[in-house]
Amino acid sequence: MNIGRIQIEPIIDGSILSTLPATKPFPDLDSPQWQDQHGMFRADGRIESALGAFVVRTGDRVVVVDAGAGQRFTNGYTPPSIDIDDPTDPLAAAYRSRGLSDEDLRRVAGNLASTHIEQGELPRSLDAVGVRPDEVTDLVFTHLHFDHIGWASANGVPFFPNATIWCASADLEHFLAGPDEERFVTFVYHALTAAQRLAPVLDRIETWEADRSLMPGIDVRLAPGHTPGSSVVVISDGSAKAMLLGDIIHCPLELMDDDFNLLVDHDQALANRVREAYARELEGTDVVAAAAHFPGLEFGRLLPSNGTRRWSFSAP
Ligand SMILES: [Zn+2]
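The written sequence of each chain sets the order in which its residues are numbered from 1. Residues qualify for local features only when their pLDDT is at least 70, as the model is predicted, and side-chain atom pairs are given and counted only at 80 or more; totals for whole chains, interfaces and linings, by contrast, use all residues. Derived side-chain values reflect all non-hydrogen atoms in the structure, with water molecules and hydrogen atoms excluded from consideration.

The helix and strand inventory of the protein stands at 9 helices and 17 strands. Only C-alpha atoms enter the radius of gyration; for comparison, a globular chain is expected to reach 2.2 Å times N to the power 0.38, where N is the number of residues. Relative to the compact-globule value of 20 Å for 316 residues, the protein shows a C-alpha radius of gyration of 19 Å, a close match. Seen along its three principal axes, the alpha-carbon backbone of the protein occupies a region of about 55 × 50 × 35 Å. In the protein, which comprises 316 residues, the share counted as buried stands at 55%. Throughout, a residue-residue contact means that at least one pair of heavy atoms, one from each residue, lies within 4.5 Å. Sequence-distant contacts in the protein: of pairs separated by 6 or more residues, those separated by 24 or more amount to 70%. The helix and strand labels rest on DSSP assignments: H or I over at least four residues marks a helix, E over at least two residues marks a strand, and numbering proceeds from the N terminus. Buried, partly exposed and exposed residues are distinguished by accessible area as a fraction of the type maximum, computed with a 1.4 Å probe on protein chains only: under 20%, between the cut-offs, and over 50%, respectively.

Bringing the side chain of Thr115 into the picture now. Following the sequence through the fold, Thr115 ends up in the loop between helix H3 (102–112) and strand E5 (116–118). What makes Thr115 buried here is its relative accessible area of 3%. The residues touching Thr115, leaving out its near neighbours within four places in the chain, are Leu17, Thr19, Arg46, Tyr77 and Pro79.

Next up on the list: the pairing of strand E3 (residues 47–58). Counting buried positions along E3 yields 10 of 12 residues, so the element is predominantly enclosed. For two strands to be treated as a pair, DSSP must find no fewer than two bridges joining them. With 11 bridges joining them, strand E2 (residues 6–18) and E3 adopt antiparallel strand pairing. In the strand pairing of E3, Ile11 is matched with Ala53. When E3 meets strand E4 (residues 61–65), the two strands line up antiparallel, connected through 5 bridges. Note that in E4 the partner of Phe54 across the bridge is Val65. Counting the residues that bridge the hairpin from E3 to E4 gives 2 residues, and of these Gly59 lies at a positive phi of roughly 55 degrees.

So, about the packing of helix H2 (residues 90–97) against H3. Only the stretch in contact is used when fitting a helix axis, every axis being a line fitted to C-alpha atoms; angles between N-to-C directions are given from 0 to 180 degrees. Across the interface, H2 lies against H3 with an axial gap of 11 Å and an inter-helix angle of 135 degrees. Between H2 and H3, the angle is such that the two are oblique. Along this stretch, H2 crosses H3, giving a crossing that reads as right-handed. Mapping the contact onto sequence places Leu91, Ala92, Tyr95 and Arg96 in H2 and Asp102, Leu105, Val108 and Leu112 in H3. In this classification, the charged set is Asp, Glu, Lys and Arg, the nonpolar set is Ala, Val, Leu, Ile, Met, Phe, Trp, Tyr, Cys and Pro, and all remaining amino acids, among them Gly, are polar. Of the residues assigned to the contact of H2 with H3, the class counts are 6 nonpolar, no polar and 2 charged. Under this scheme an angle from 65 to 115 degrees is roughly perpendicular, one under 35 degrees roughly parallel, and one over 145 degrees roughly antiparallel; angles in between are oblique. Left-handed is the label given to a crossing in which the near helix is rotated counterclockwise from the far helix by less than a right angle, and right-handed is the label when the rotation is clockwise.

The next subject is the coordination of the zinc ion. Coordination shells were defined by N, O and S atoms within 2.8 Å of each metal, extended to 3.2 Å for Na, K and Ca; water is absent from the atom set, which can make sites look incomplete. For the zinc ion, the protein coordination sphere consists of Asp147 (OD), His148 (NE2), Asp247 (OD) and His293 (NE2), at 2.1 to 2.2 Å. Each label reflects the angles at the metal, where four donors whose angles all fall between 85 and 135 degrees are tetrahedral, four or six donors whose opposite pairs open beyond 155 degrees and whose other angles stay between 65 and 115 are square planar or octahedral respectively, and the rest are irregular. Considering all 4 donor atoms around the zinc ion, the spread of angles at the metal, 86 to 165 degrees, places the coordination shape in the irregular class. Site description for the zinc ion: donor spacing in sequence, D-H-x98-D-x45-H. Of this pair, Asp147 sits in the loop between strand E6 (138–140) and strand E7 (153–154) while His293 sits in the loop between strand E15 (288–290) and strand E16 (301–305); the two residues are 146 residues apart in sequence, bridging distant segments of the chain. Here Asp147 and His293 have matching classes, each one buried.

So, about the pattern of salt bridges. Salt bridges are counted wherever a side-chain nitrogen of Lys or Arg sits within 4 Å of a carboxyl oxygen of Asp or Glu. Summed over the entire model, instances satisfying the criterion amount to 17 salt bridges. Of the charged contacts in the structure, one is a salt bridge between Asp237 and Arg5, with a shortest N-O distance of 2.7 Å. Of this pair, Asp237 sits in strand E13 (residues 231–237) while Arg5 sits in the loop between strand E1 (2–3) and E2, and the two are 232 residues apart along the sequence. The closest approach of N and O atoms between Arg309 and Asp258, which form a salt bridge, is 3.3 Å.

What follows covers the sheet that holds E13. Taken together, the 5 strands give an open sheet; going across it, the order is E11-E12-E13-E14-E15, and neighbouring strands pair in mixed fashion. In the strand order of this sheet, the two ends are held by strand E11 (212–215) and E15, each with one partner. The sheet shows a mean angle of 25 degrees between the axes of neighbouring strands, taken without regard to direction. Examined bridge by bridge, strand E12 (residues 218–222) and E13 share 5 bridges and lie antiparallel to one another. Among the inter-strand pairings, Leu222 is bridged to a residue of E13, identified as Ser231. The sheet strands contacting helix H9 (residues 268–282) are E12, E13, strand E14 (240–244) and E15, and the helix crosses E14 at an angle near 160 degrees.

What follows is the structure in structure tokens.
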């Protein structure tokens, strides 16, 4: 897709079929809200999310925004088990601390065994759009969750050997301190912690502490809540503008319905306020947006519709 003279291309690393709990049940299969999700929701109430990144070519810079989940598992992925009747079960405790009711927890536990991750396609996807890792000048992270920093390093060395790496200072501080939530992702997703993944590239990380322009055509805006330094990447040329929303939402429904959100945020109340603010900003404008887990990493627009909102995946 082009934003003025800037080119944006999605780069798929894989997909994740998960049991993310939500504040409200998913809409029924006949509803327009269901149709607007473009196959992300499944009838069993689970979400199939893309894992990936975006390549942005602006001027002489080749920028990659987010970096998928990383190298393929050598022996495939094995889903974790959960015993919700055991008060010491770490996964049950983590879900309860996010406000999940016992009934919802039972449903999540029932689906957990079929959680599935495919990853490791990013190098091939990059090659398919004609980008070599050593050509990438900048790697920009919307936040430092494992599924966004996966290709920061591979086999203990930087995957993008010449790239400057950018992230919010609030996230770098938070994740390098080894927060509790990292135990959850290593347990469920068998991922390296952010500290482990970023160790080979720490000397080339530059941070932002406030909203700023990183380079011509690319600005970052702090949008905390999902993580302490969660940020939105704004790409613009003249009056054309696109937003890469990172994980401030995971599915379009979170912009369409203020009461619907997935219980995956570090600070739920703050994340909800940020989501609502972006919904108001995007609604009815020409600004196209994509989040890091939308199907196919497709762009779309938020449209007003009879006092509510619709998501349209048809980018201009
Ligand atoms: Zn994510």
